[in-house]
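Structural description and commentary
Residue-level listing of the chains:
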Amino acid sequence: MELMGNRNVLVGVIGAVAVVCVGAGVFSVTRVVSPPRAPEAVEPSYEFLCEKCQAVFSLRQSQIPSEVYEAITTARPAAMDCPRCGAHSSAYPPTRCPKCGKPYISNFSKGIIPQPGSRQREVCPHCGTDPYIWHRQHVKPEV
Ligand SMILES: [Zn+2]
Ligand SMILES: [Zn+2]
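The rules we used
Residues numbered from 1 in each chain as written. Chains lettered and ligands numbered in written order. Predicted model: local features only at pLDDT ≥ 70, side-chain atom pairs only at ≥ 80, totals over all residues. Helix = DSSP H or I, 4+ residues; strand = E, 2+ residues; numbered from the N terminus. Buried ≥ 20, exposed ≤ 12 C-beta atoms within 10 Å, placed from the backbone. Contact = placed C-beta atoms within 7 Å. Pairing = 2+ DSSP bridges. pLDDT = per-residue confidence, 0-100. Core = buried A, V, L, I, M, F, W, Y, C linked by C-beta atoms within 7 Å. Domains from an automatic or database assignment.

1. Notes on the overall build of the chain
When you go through the chain residue by residue, the secondary structure sums to four helices and five strands. In the chain, the succession of helices and strands from N to C terminus is α-α-β-β-α-β-β-β-α. The proportion of buried residues among the 143 residues of the chain is 13%. For the chain, the proportion of contacts with a sequence separation of at least 24, taken over those separated by at least 6, is 48%.

Written out as structure tokens, the structure reads:
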């Protein structure tokens, strides 16, 4: 009986050691297997259009000055210095024409809100489409 007891203790010790070894092994394997963090892969990019030279370029969040990024996320006018022609604060996140798909800088891009009741409407400089009318005709019928 006393012998059985000792054997059980011994088995218990071996078992505990085995569990610790397996645990450490799993831990080190997971550390090796888990992929390295790749922030570039998940970082969204933002498109800009230069008002001066019409260059379209996209920048990742880390490449955008923090005050410009903050302006984008809070729907305020976000102007970047153009990396192509060097013009100061001339590149804005553009509006895309719903008809021809070309980007242009609208008043909305610049954060200019038309006066209430203003009849003046912006149109796409490429094809002359008024995005408001286009959406009314193509997306949802007038209520
Ligand atoms: Zn430019
Ligand atoms: Zn257009």
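The discussion continues.
2. Some points on the environment of Val 42
Among the structural elements, Val 42 can be located in helix α2 (residues 39–42). Classification of Val 42 as exposed rests on a count of 7 C-beta atoms within 10 Å. Once the C-alpha coordinates of Val 42 and Arg 60 are considered, the two residues, 18 residues apart in sequence, prove to be 10.0 Å apart.

3. Focus on the sheet that holds strand β1 (residues 45–50)
One open sheet accounts for three strands, arranged β2-β1-β3; its pairing is antiparallel. Of all the strands in the sheet, the pair left with one neighbour each is β2 (56–60) and β3 (91–92). Inspection of the sheet shows β1 paired to β2 by five bridges, in the antiparallel sense. Pairing of Phe 48 across the sheet is with Phe 57, part of β2.

4. What to know about the environment of Gln 61
Considering the arrangement of structural elements, one finds Gln 61 in the loop between β2 and α3 (66–73). A sequence separation of 16 residues divides Gln 61 from Ser 45, and the C-alpha atoms of the two residues are 6.1 Å apart.

5. Here's the deal with the environment of Leu 59
Take Leu 59: it is sitting in strand β2. Note: C-alpha distance between Leu 59 and Pro 44 (15 residues apart in sequence) is 8.6 Å.

6. Quick notes on the confidence of the model for the chain
Across the chain, the average pLDDT comes to 80, with 70% of residues at 70 or higher. Mean pLDDT across the elements of the chain ranges from a minimum in helix α1 (residues 2–33), with 59, to a maximum in β3, with 96.

7. Let's talk about the nonpolar core
The biggest cluster of nonpolar side chains holds 14 residues, and the ones touching the most others in it are Phe 48, Leu 49, Ala 79, Met 80, Ala 91 and Tyr 92. Listing elements by their share of this core, those giving two or more residues are β1 and β3. Per-element tally for this core: the top contributor is β1, with three residues. Counting contributing residues per domain, this core is built from domain 1 (39–93) and domain 2 (95–143), each supplying no fewer than three.

8. Comments concerning unusual backbone geometry
A positive phi angle, close to 65°, is found at Gln 54, a residue other than glycine. As for its position among the elements, Gln 54 is in the loop between β1 and β2. For Gln 54, a count of 14 C-beta atoms within 10 Å gives the class partly exposed. The phi dihedral of Ser 89 falls on the positive side, at around 45°, and the residue is not glycine. Within the fold, Ser 89 resides in the loop between α3 and β3. Looking at Ser 89, the number of C-beta atoms within 10 Å reads 13, which means it is partly exposed.

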